[in-house]
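A look at the structure
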Amino acid sequence: EMDHRKASGPLVQLITRPSCRVVVCCRVDPKQKSEVVHVMKNKLKKITLAIGDGANDVGMLMEAHIGVGISGKEGAQAVLASDYALPQFRFLEKLLLVHGRWSFQRISLLI
């Protein structure tokens, strides 16, 4: 278990800057992925969405508010650990732009 309260280092310093609005990580350690999501979620109080396609993304997907798993050559671990599962990356655009907008509209009507 990683102690996120002591999260530090250049990566954390970079994402905690006020000018940082979006974080995209690739080719980083699975522990770092989960740490970035944790800092964004708990320290900065941001809503987090994580997208992953392999076993190395499971920690990040579980830490995020919303996890999207993509089926791939690496197996089904990311899909099993996610809130939403997609068969291919190309369906991500429709999930975010169409279904995300519909969800936002439904929530807006309730409020």
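Residues numbered from 1 in each chain as written. Predicted model: local features only at pLDDT ≥ 70, side-chain atom pairs only at ≥ 80, totals over all residues. Heavy atoms only, no water.

**Side note on the sheet that holds strand E2 (residues 66-70)**
Pairing within the open sheet is parallel, and its three strands lie in the order E1-E2-E3. Two strands close off the open sheet at either side, each with one partner strand: strand E1 (49-52) and strand E3 (84-86). On average, each strand axis in the sheet is tilted by 20° relative to the strand beside it, whichever way the strands run. In this structure, E2 lies alongside E3, joined through three bridges in parallel fashion. From the neighbouring strand, Val 68 faces E3, where its bridge partner is Tyr 84. (Pairing = 2+ DSSP bridges. Helix = DSSP H or I, 4+ residues; strand = E, 2+ residues; numbered from the N terminus. Axes fitted to C-alpha atoms, helices over the stretch in contact; angles between N-to-C directions.)

**So, the state of the cysteines**
Considering all chains together, one arrives at zero disulfides under this definition. Left unpaired, Cys 26 is separated from the closest cysteine sulfur, that of Cys 25, by 7.8 Å. (Disulfide = S-S within 2.5 Å.)

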